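# Chain and residue survey
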Amino acid sequence: MPETTERQTRLKQVVAKLREQGHRMTPQRMAVLEILIDSTQHPGAEQVYEQVRKDFPMTSLATIYKTLIVLKEVGEISEIVLADGSNRYDGNIPHPHPHLICNHCHRIIDVDLNDLSTLPQVVAQQTGYQIVSHRLDFFGICPRCQEEG
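A brief report on the enclosed structure follows. (Residues numbered from 1 in each chain as written. Predicted model: local features only at pLDDT ≥ 70, side-chain atom pairs only at ≥ 80, totals over all residues. Heavy atoms only, no water.)

### Brief notes about the overall build of the chain
Along the chain, the regular secondary structure elements total six helices and five strands. Ordering the α and β elements of the chain from the N terminus gives α-α-α-α-β-β-β-β-α-β-α. Taken over the C-alpha atoms alone, the chain extends approximately 45 × 45 × 30 Å along its principal axes. Every one of the 149 residues in the chain was classed for burial, and the buried ones make up 33%. Once the 15 positive and 19 negative side-chain charges of the chain are each reduced to a mean point, those two points are 8 Å apart. (Helix = DSSP H or I, 4+ residues; strand = E, 2+ residues; numbered from the N terminus. Buried < 20%, exposed > 50% of the residue type's maximum accessible area, 1.4 Å probe, protein only. Lys, Arg positive; Asp, Glu negative; His and termini not counted. Charge placed at Lys NZ, Arg CZ, Asp CG, Glu CD.)

### Some words on the nonpolar core
V32, L33, L36, I64, L68 and L71 are the most contacted members of the largest nonpolar core, which has 22 residues in total. Within the residue set of this core, elements represented by two or more residues are helix 1 (4-20), helix 2 (27-38), helix 3 (45-55) and helix 4 (61-73). It is helix 2 that provides the largest number of residues to this core, a total of six residues. Those residues in contact with L36, other than ones at most four positions away along the chain, are P43, V48, L68, L71, I77, Y89, G91 and N92. (Core = buried A, V, L, I, M, F, W, Y, C linked by side-chain atoms within 4.5 Å. Contact = heavy atoms within 4.5 Å.)

### Points about the packing of helix 2 against helix 4
One can describe the packing of helix 2 onto helix 4 by two numbers: an axis separation of 10 Å at closest approach and a directional angle of 65°. Along this stretch, helix 2 crosses helix 4, giving a crossing that reads as right-handed. Of helix 4, the residues touching helix 2 (which contributes Q28, R29, V32, L33 and L36) are T63, I64, T67, L68, V70 and L71. Partitioned by chemical class, the residues of the contact of helix 2 with helix 4 number seven nonpolar, three polar and one charged. (Axes fitted to C-alpha atoms, helices over the stretch in contact; angles between N-to-C directions. Left-handed = near helix turned anticlockwise from the far one by under 90°. Nonpolar A, V, L, I, M, F, W, Y, C, P; charged D, E, K, R; others polar.)

### Quick notes on the side chain of S39
Tracing the chain through its elements places S39 in the loop between helix 2 and helix 3. In terms of polar contacts, S39 uses its side chain to reach the backbone amide nitrogen of Q41, at 3.0 Å. (Polar contact = N/O pair within 3.5 Å; in protein donor to acceptor, adjacent residues only side chain to side chain.)

### A look at the environment of C102
Topologically, C102 is positioned in strand 3 (residues 99-102). In this structure, the C-alpha to C-alpha distance between C102 and F138, residues 36 residues apart in sequence, is 8.6 Å. Setting aside residues up to four positions removed in sequence, C102 forms contacts with R107, G140, I141, C142 and C145.

### Describing the side chain of R88
Within the secondary structure, R88 sits in strand 2 (residues 87-90). Lacking a salt bridge, the buried R88 has D84 as its closest oppositely charged neighbour, with an N-O distance of 7.3 Å. Within the structure, the side chain of R88 is placed 2.6 Å from the backbone oxygen of H42, a separation counted as a polar contact. Side-chain polar atoms of R88 contact the backbone oxygen of H106, separated by 2.8 Å. (Salt bridge = Lys/Arg side-chain N within 4 Å of Asp/Glu carboxyl O.)

### Some thoughts on the pattern of salt bridges
The final tally for this structure, using the stated rule, is six salt bridges. One salt bridge in this structure joins R7 and D38, with 2.6 Å as the shortest N-O distance. Of the two residues, R7 sits in helix 1 while D38 sits in helix 2, which places them 31 residues apart along the sequence. We classify R7 as buried; its relative accessible area is 16%. Residue classification places D38 among the partly exposed positions, given a relative accessible area of 38%. Its salt-bridge partner being D137, residue R135 comes within 2.4 Å of it at the nearest N-O pair. Given the relative accessible area of 43%, R135 is considered partly exposed. Looking at D137, the relative accessible area reads 15%, which means it is buried.

So this is what it looks like as structure tokens:
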């Protein structure tokens with residue numbers, strides 16, 4: 001996140017939301033949350049696990065997965081399922097937004113397309129659906145993979 005005060009505000013809001021919904025805020029859970037809020041790399045569970053273990057070596061991978069599930073359920077992270085079946089997580093930008101995913105290296109970047117903000121309302125009007133969530137991903141080959149051939 002760009003600003004420290006923005007980051008701190010977001011952390012406080014998420015912690016309050018979790019507590020309101022009856023979830024405990026353990027140091028490990030806070031570490032997972034901080035990693036996801038700070039990361040623009042869209043890490044997988046194993047990457048989060050390795051980072052958390054630096055400060056909490058007794059943390060299990062199961063703890064990481066449970067925390068990811070809770071954060072996803074409360075709407076504070078999004079899960080990106082890749083074509084190979086692996087999952088990555090986005091906690092840096094809390095609202096739905098497009099991603100650009102490399103088919104080769106699986107690098108994921110956020111795409112800022114402000115003109116898509118009304119897309120869910122347009123789809124709802126055209127179909128009669130009540131839109132509860134949406135996801136838009138673009139797949140391709142990143143410049144680094146193109147250079148490598």
